[in-house]
Amino acid sequence: MVTTEDHWVGNIGHLALADSALGALLTDILQALAQAAYPAPPAKVDVGLTTKQSVRKVERRAHSEPHLFPSQTGAWLLEVHEATELRNSILHAVAINRCANCGAASHFVHPRSGQHVDRTDEAIRNLTTQMLKLRERGIELAEEIAQRVNAQIVARARAAAEATNEIQNPPQVYPHRSVALCAECAGNGRGTITARLGTAIEIWPREKLRAEIERLKAEQATRSGETGNG
């Protein structure tokens, strides 16, 4: 996303991009939380939700499963909710003194409430900056939420391994899977996309793991003996 002064090409456009990026992060959080149902299959996450709709869903999960969320999540979600409300009022504001000739307007109101809406360039830029900062803070929260979800998954997989004496291969979740940079920001003339891939893990039952360790030790001892005899 282009955010610098030199790259500014349209206030409303950048506000929409900032809102979209924040919404994508919230969707990523919801997808991570869906895996918390393990060993049950994850619920399907609607990736077409608006930012406001995603905030509400995350808020409900935070209320029902607080152990998966850092303590500062509530305050962050409240700020996101307020920012999306302001974003909606700006984007849906109706001009009441639009010039019939050039289209310029200086006075906007909300179509339902009739309240005045500040739609100046400064107001739009300030909200865009706020939403971008909320996203940056949200990435850190998403990382911790993912860590907590992963810890819960591993604990359940470990219990299942002991109960069944079978190796478990639980999923692991990671937010913010890719970062794109334009050609100019990447400095390579082409642009880059950095993708974050998850890791595969195995959870072994303790007895089976001990037996495997002993087997490997015996195998190593046999090889060492053969080398010495040679």
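Remember, it's a predicted structure, so these values are computed and weren't measured experimentally.

Participant: Explain the overall build of the protein chain residue by residue, including any values.
Facilitator: The helix and strand inventory of the protein chain stands at six helices and five strands. The C-alpha radius of gyration of the protein chain comes to 26 Å, more than 25% above the 17 Å expected for a compact globule of 230 residues. Judged by the C-alpha coordinates and their principal axes, the protein chain covers about 95 × 45 × 25 Å. By residue count, 33% of the 230 residues in the protein chain fall in the buried class. As presented, the protein chain carries roughly 14,000 Å² of accessible surface, and 53% of it is formed by carbon and sulfur atoms.

Participant: Please provide a residue-by-residue account of the pattern of salt bridges, values included.
Facilitator: Inspection of every chain in the model, using the stated rule, returns eleven salt bridges. Ionic pairing is found between R135 and E136, a salt bridge with its closest N-O pair at 3.4 Å. Each of E212, R215, E219 and R223 takes part in one network of salt bridges that share partners.

Participant: Account for the confidence of the model for the protein chain, naming residues and giving values.
Facilitator: Low pLDDT means the predicted coordinates in that region are not meant to be read closely. Confidence along the protein chain averages 88 in pLDDT terms, with 92% of residues attaining 70 or more. The weakest mean pLDDT in the protein chain belongs to strand β4 (residues 178–181) at 76; the strongest belongs to helix α2 (residues 51–64) at 96. Every residue in residues 1–9 is under pLDDT 50, and counting partners more than four places away or in other chains gives 16 contacts.

Participant: Now, about the side chain of T128: what can you tell me, with residues and values included?
Facilitator: Position of T128 relative to the elements: it lies in helix α4 (residues 121–164). Reaching out from T128, the side chain makes a polar contact with the backbone oxygen of I124 at a distance of 2.9 Å.

Participant: Describe in detail the packing of aromatic side chains, supporting the description with residues and values.
Facilitator: In total, this model carries zero aromatic pairs according to the counting rule given. Taking NZ or CZ as reference, R119 lies 5.1 Å from the ring centre of F108, over its face.

Participant: Can you explain the packing of helix α3 (residues 73–91) against α4? Please cite residues and give values.
Facilitator: At a closest axis distance of 10 Å, the pairing of α3 and α4 adopts a crossing angle of 150°. Relative to α4, the element α3 lies roughly antiparallel. In terms of crossing hand, the pair formed by α3 and α4 is left-handed. Only I124, L127, Q130, M131, L134, R137, G138 and L141 of α4 make contact with α3, whose side of the interface consists of T73, W76, E79, V80, A83, T84, L86, R87 and I90.

Participant: Tell me about the nonpolar core, residues and numbers included.
Facilitator: Among the nonpolar cores identified, the biggest contains 44 residues, and W76 and V149 are the most heavily contacted of them. For this core, the secondary structure elements donating two or more residues are α1 (11–34), α2, α3 and α4. Take this core: its biggest share by element is 15 residues, from α4. Residues contacting W76, with those up to four places away along its chain left out, are L22, L25, L26, I29, L134, R137, G138 and L141.

Participant: Tell me about the packing of α1 against α2, and please be specific about residues and values.
Facilitator: One way to put it is that α1 packs onto α2 with a least axis distance of 9 Å and a crossing angle of 30°. Crossing of α1 against α2: the hand is left-handed. Taking contact as the criterion, the partners of D19, L22, G23, L26, T27, I29, L30, L33 and A34 in α1 are, on α2, T51, S54, V55, K57, V58 and R61. The residue inventory of the contact of α1 with α2, partitioned by class, reads eight nonpolar, four polar and three charged.

Participant: Could you give an account of the sheet that holds strand β3 (residues 116–117), naming the residues involved and the relevant values?
Facilitator: Reading across the sheet, the three strands line up as β1-β2-β3 and stay open at both edges, with antiparallel pairing between neighbours. Strand pairing shows two members of the sheet lacking a second neighbour, β1 (94–95) and β3, which therefore form its edges. Here two bridges tie strand β2 (residues 108–109) to β3, and the two strands are oriented antiparallel to one another. Across the sheet, the residue bridging to V109 is H116, located in β3.

Participant: Outline α3, listing residues and values.
Facilitator: With 19 residues, α3 extends 27 Å between its outermost C-alpha atoms, agreeing within 8% with the 27 Å of an ideal straight helix rising 1.5 Å per residue. Of all the positions in α3, only T73, W76, L77, V80, A83, T84, R87, N88, S89 and I90 are classed as buried. If you follow the buried residues of α3, they end up packed against α1, α2, β3 and α4.

Participant: Run through the side chain of T84, naming residues and quoting values.
Facilitator: With respect to the helices, strands and loops of the structure, T84 is situated in helix α3. Aside from chain neighbours lying at most four places away, what touches T84 is D19, T51, K52 and M131.

The rules behind the values
- Residues numbered from 1 in each chain as written.
- Predicted model: local features only at pLDDT ≥ 70, side-chain atom pairs only at ≥ 80, totals over all residues.
- Heavy atoms only, no water.
- Helix = DSSP H or I, 4+ residues; strand = E, 2+ residues; numbered from the N terminus.
- Rg over C-alpha atoms; globule rule 2.2 N^0.38 Å.
- Buried < 20%, exposed > 50% of the residue type's maximum accessible area, 1.4 Å probe, protein only.
- Areas by Shrake-Rupley, 256 points an atom, 1.4 Å probe, with all protein chains shown as cover.
- Salt bridge = Lys/Arg side-chain N within 4 Å of Asp/Glu carboxyl O.
- pLDDT = per-residue confidence, 0-100.
- Contact = heavy atoms within 4.5 Å.
- Polar contact = N/O pair within 3.5 Å; in protein donor to acceptor, adjacent residues only side chain to side chain.
- Phe/Tyr/Trp six-rings, centres within 6.5 Å; stacked < 30°, edge-to-face > 60°.
- Lys NZ or Arg CZ within 6 Å of the ring centre and 35° of its normal.
- Axes fitted to C-alpha atoms, helices over the stretch in contact; angles between N-to-C directions.
- Parallel < 35°, antiparallel > 145°, perpendicular 65-115°, else oblique.
- Left-handed = near helix turned anticlockwise from the far one by under 90°.
- Core = buried A, V, L, I, M, F, W, Y, C linked by side-chain atoms within 4.5 Å.
- Nonpolar A, V, L, I, M, F, W, Y, C, P; charged D, E, K, R; others polar.
- Pairing = 2+ DSSP bridges.
- Expected span 1.5 Å × (residues − 1).

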